[in-house]
Amino acid sequence: MMLRLGFAWSSTSSTTTKHIAQARLFSGSFLRKDNYTLYKRRCSGLPQKSVLASTRLSWDNFRSSGAVFFSMASGSDGLDRLKTPKYTNRLSKEKSSYLLQHAHNPVDWYPWGQEAFNKAKSEDKPIFLSVGYSTCHWCHVMERESFEDEEIGKVLSENFVCIKVDREERPDVDKVYMTFVQATSGGGGWPMSVWLTPDLKPFIGGTYFPPRDSGRRPGLKTVLLRVIEQWQSNRETLESSGERVLEALRKGTKISASPGETLPFAPDVANRCYQQLAHSYEEEYGGFREAPKFPSPVNLMFLMSFWAVNRANCEGAEALRMVLHTLRMMALGGIHDHVAQGFHRYSTDSSWHVPHFEKMLYDQGQLAVAYIAAHQVSGERLFADVARDVLLYVSRDLSDKSGGFYSAEDADSFPTAESSEKREGAFCVWTAGEIRELLPDIVEGATGGATRADIFMHHYGVKEQGNVDPTQDPHGELQGQNVLIVRYSVELTAAHFGISVDRLSELLSDARAKLAEVRRARPPPHLDTKMLASWNGLMLSGFARVGAVLGDKGLLERAERAAYFLQKHLWDEEGQRILHSCYRGNNMEVEQVASPISGFLDDYAFVVCGLLDLFEATQRGRWLQWAEELQLRQDQLFWDSQGSGYFCSDPSDPTLLLALKQDQDGAEPSANSVSAMNLLRLSHFTGRQDWMQRSQELLIAFSDRLTKVPIALPDMVRSVMAQHYTLKQIVICGQPDAEDTASLISCVNSLFLPHKVMMLADGNTEGFLYQRLPILSTLVPRDGTATAYVCENFACSLPVTCPQELRRQLLE
């Protein structure tokens, strides 16, 4: 088991920081300095490093972070899995996996909602808000240590109204209180612990707390008793200080366009973003920090877009080198699951070797797109194979029969069916003895009578004593175990054993299949079967874009199944709204909660993006039409008519104390970044100039951030570049199923063209696309042959019918 604390470092303006510093009331950290180095390497949930952070990862900040380091001997649930629960609370009626994990705590938990709010007001009690998610390692630890403790449960239930929130189910609630915790403690993460007044205003916050004091570190019981004492004797100070913090945050988090402000100059913004990324780039293994290392697809996609407009200079070449090296090292590393495909959440070391074994849907969707873009750029088969590999994992392990995609796979699992304690990575790691037993056969013709195991172990870095550095395994859970990592090219391994490359590839493939079969017999990790509109939108893009580039009809059919799922299960036709989530029920049917959660900005933005990618991949007008409808609804619900840009959630919701606009592209791109590009693409597909204007207004609202620290918003920088360089409209005139039409479309899809939209003019003037763009009627095939027109603002270059000529035009 690894140490996972989950900090997400943030920044605030100096003025805001001053106000917040004056209002700080509490720090939950009493830490020894000798734990700091280990903490810095092993913390969980860290987003990519931001050069803008005014809160740096220093010992002083670590001490005052509000989180508590606490060593655990194991990742055990500590429970007999067959034991009848002693306690059952109202969370047992919820659908969220995370809430259900707490349904048998001796804590009187409430879900977020009016019932809990009314109880707090009627009994005049403070609220204890605990936020996490189902595959969060330290959420499991705190649940077992603290929330299963009967004494702590009694203190909580008698003195507080206790509310449990799944951050993936209610990202709006999480964002508000995480902003408070980050601002008042210098860091944040999950589990998040916040104390609120009955009117939901926070006054104390932190992250993980152990159950009892340990040295100078306060335990949760101590913290609870102090809060009770302060609430009774010093309540007015608590409330007023919390209000001062909130007021400072309202001012410090405000993002809006100033009168007369214009769009920042794209080449300058892009160059600065490139320089900032290059400064943080790690040369040996790629990526953008020493350790821990995150995939950061938003960085990689920006760098490829930067290369696309800087192909002729050394900065462009360097940007491309950084991307391809990073993606190659990730594909070879242990962060990539070589047996069961897909990618783990992040690497705990600088060489992408030992991962945090959790797998998240949003990573798979974005990485599939990044790898297929790298294939377009480089032509290397490796990148296309990895993109397929990711989609294979998602199709097999994260797919519901309804067509939707599940959210995540846990890092922890039981090593054997008889085990009572879970261990991180138990499902994924191997001993040398296991591999020797599985692959005992001698390979005919191999040097020195080598067995299949010898060859496999050499290629994947398997060692008799295990290949995990003890510093990456503070609790000894991976002792003697191996995380597979490719150590040699197939050419070198083949030469080492005196066999052909083809023979080696066959041997390795057969061996991986045998290991996969063994893994299927192991107790599987917990699967979070919650299905989120936003993450399904990201995955829809993955299947659509990979399917289009590879010309794979099966992948495109899977993408369309996902779109149909979104329409059927996460679109409320009567209320004209996206629903944020749905769930796999006990009967394997899709279920919904009694009061469905309305979609947030992420849901609309990511689904619209997925539908636009699907439309370009299939040229089916229904997906473009639905994207237009969703964008109109998004504008109605979330657009800030005063300051421009979109609020993350409904600004009229009285339970949310901050109206936030996310200003960082992290593990997921910010919805404003995605929306800026969606609006631009839609303006070209529908002819609506107001959407192009709205995209510009959105970018202007973020201009200060884009100008000073573009590394914080690399995905939004891509939209600034698209505005500057303008989108090419590629119109293919021809019959949809004709071979010559397919050849032209395939030519376009083979190229990485970040600043284009593609549409098929099939002559159906009654269709949705022709209704929106009547000018298409003037573009026709030449001499009965499929013809391509490359246009900018529908001023078109000479039509071409030859794919090679089209390629030349597009690369000019």
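This text gives an overview of the structure that appears in the document. Here the structure is a predicted model, which means the values were calculated and not measured. Sequence order sets the numbering: in each chain, residues are counted from 1 along the sequence as written. Only residues with pLDDT of at least 70 get local features here, since the model is predicted, and only at 80 or more are side-chain atom pairs given and counted; chain-wide, interface and lining totals rely on the full set of residues. Based on all heavy atoms of the structure, the side-chain values leave hydrogens and waters out of the count.

Here the bond from W190 into P191 is cis, since omega is 5°, no more than 30 degrees from zero. Positionally, P191 belongs in the loop between α8 (171–185) and β4 (192–196). A cis amide bond links A291 with the next residue in sequence, P292, at an omega value of -5°. In this structure, D124 is a non-glycine residue whose phi angle is positive, near 50°. Note on conventions: DSSP H or I runs of at least 4 residues are helices, E runs of at least 2 residues are strands, and numbering of each starts at the N terminus.

Turning our eyes to something else, we now look at the nonpolar core. In this description, a nonpolar core means a group of buried Ala, Val, Leu, Ile, Met, Phe, Trp, Tyr and Cys residues linked to one another through side-chain atoms lying within 4.5 Å. Only protein chains enter the area calculation, which uses a 1.4 Å probe; residues under 20% of their type maximum are buried, those over 50% are exposed, and those in between are partly exposed. Within the largest apolar cluster, 134 residues are counted, with the highest numbers of intra-cluster contacts made by F302, L303, Y371, L611 and L698. In terms of residues, this core owes the most to one element, helix α22 (residues 601–618), which gives 12 residues. Of all hydrophobic cores here, the second largest spans 61 residues; its members include I152, M178, V181 and L238.

Here, two cysteine sulfur atoms that lie within 2.5 Å of each other are counted as a disulfide. For the coordinates displayed, the defined rule picks out 2 disulfides. One disulfide in the model links C136 with C139; its S-S distance is 2.3 Å. Taking the sign of the S-S torsion, about 80° here, the bridge from C136 to C139 comes out right-handed. You'll find C136 and C139 in the same group, each marked buried. Between C791 and C796 runs a disulfide, and the two sulfur atoms are separated by 2.0 Å.

Our next topic: the pattern of salt bridges. We define a salt bridge as a side-chain nitrogen of Lys or Arg found within 4 Å of a carboxyl oxygen belonging to Asp or Glu. Applying the stated criterion across every chain yields a total of 48 salt bridges. A salt bridge links E115 to R90, with the shortest nitrogen-to-oxygen separation between them at 4.0 Å. Of this pair, E115 sits in helix α5 (residues 114–123) while R90 sits in the loop between α3 (59–63) and α4 (97–100), and the two are 25 residues apart along the sequence. Among the ionic pairs, K293 bridges to E282, the shortest N-O distance being 2.5 Å. Separated by 11 residues along the polypeptide, K293 in the loop between α11 (266–280) and α12 (297–309) and E282 in the loop between α11 and α12 bring together distant segments of the chain. For the residue pair K293 and E282, the accessibility class agrees, reading buried in each case. Members of the salt-bridge network, linked through shared partners, are D149, E151, R212 and K221.

For the rest of this paragraph, the subject is the sheet that holds strand β9 (residues 408–409). The strands that make up a sheet are held in pairs by hydrogen bonds between backbone atoms, and each pair lies either parallel or antiparallel. Between any two strands, at least two bridges found by DSSP are needed for them to pair. Taken together, 3 strands build an open sheet; the order of strands is β8-β9-β12 and the sheet is antiparallel. Sheet topology places β8 (359–360) and β12 (527–528) at the edges, where each strand pairs with a single neighbour. Here 2 bridges tie β9 to β12, and the two strands are oriented antiparallel to one another. The partner of E409 across the bridge, within β12, is L527.

Moving on, we come to the sheet that holds strand β5 (residues 202–206). If you walk across this open sheet you meet the 5 strands as β1-β3-β2-β4-β5, and the pairing is mixed. Two strands close off the open sheet at either side, each with one partner strand: β1 (109–111) and β5. Shown here is a sheet whose adjacent strand axes are inclined to one another by a mean of 25°, direction ignored. Inspection of the sheet shows β4 paired to β5 by 4 bridges, in the antiparallel sense. Here an axis means a line fitted to C-alpha atoms, over the contact stretch when the element is a helix, while the angle between two N-to-C directions is reported on a 0 to 180 degree scale.

With that settled, consider the packing of aromatic side chains. Only centres within 6.5 Å qualify two rings of Phe, Tyr or Trp (six-membered ring in Trp) as a pair; their planes then separate them into stacked at under 30 degrees, edge-to-face at over 60, and tilted for everything else. In total, this model carries 24 aromatic pairs according to the counting rule given. Residues F302 and F306 carry aromatic rings whose centres are separated by 5.9 Å and whose planes lie at 40° to one another, so their mutual orientation is tilted. Placement of both F302 and F306 in helix α12 is noted, with a separation of 4 residues, approximately one turn of the helix. Look at F302 and you get buried, because its relative accessible area is 0%. Here the aromatic rings of Y604 and F638 are separated by 5.6 Å at their centres, their planes lie at 65°, and the arrangement is edge-to-face. In this pair, Y604 sits in helix α22 while F638 sits in helix α23 (residues 621–638), placing the two residues 34 residues apart along the sequence. The burial state of Y604 is the same as that of F638; both residues are buried. Any Lys NZ or Arg CZ that is within 6 Å of a ring centre and within 35 degrees of that ring's normal is treated as a charge sitting over the ring. Positioned over the ring face of W430 is R522, at 4.0 Å from the centre of the ring. Above the plane of the ring of W691 lies R688, whose end atom (NZ or CZ) is 4.2 Å from the centre.

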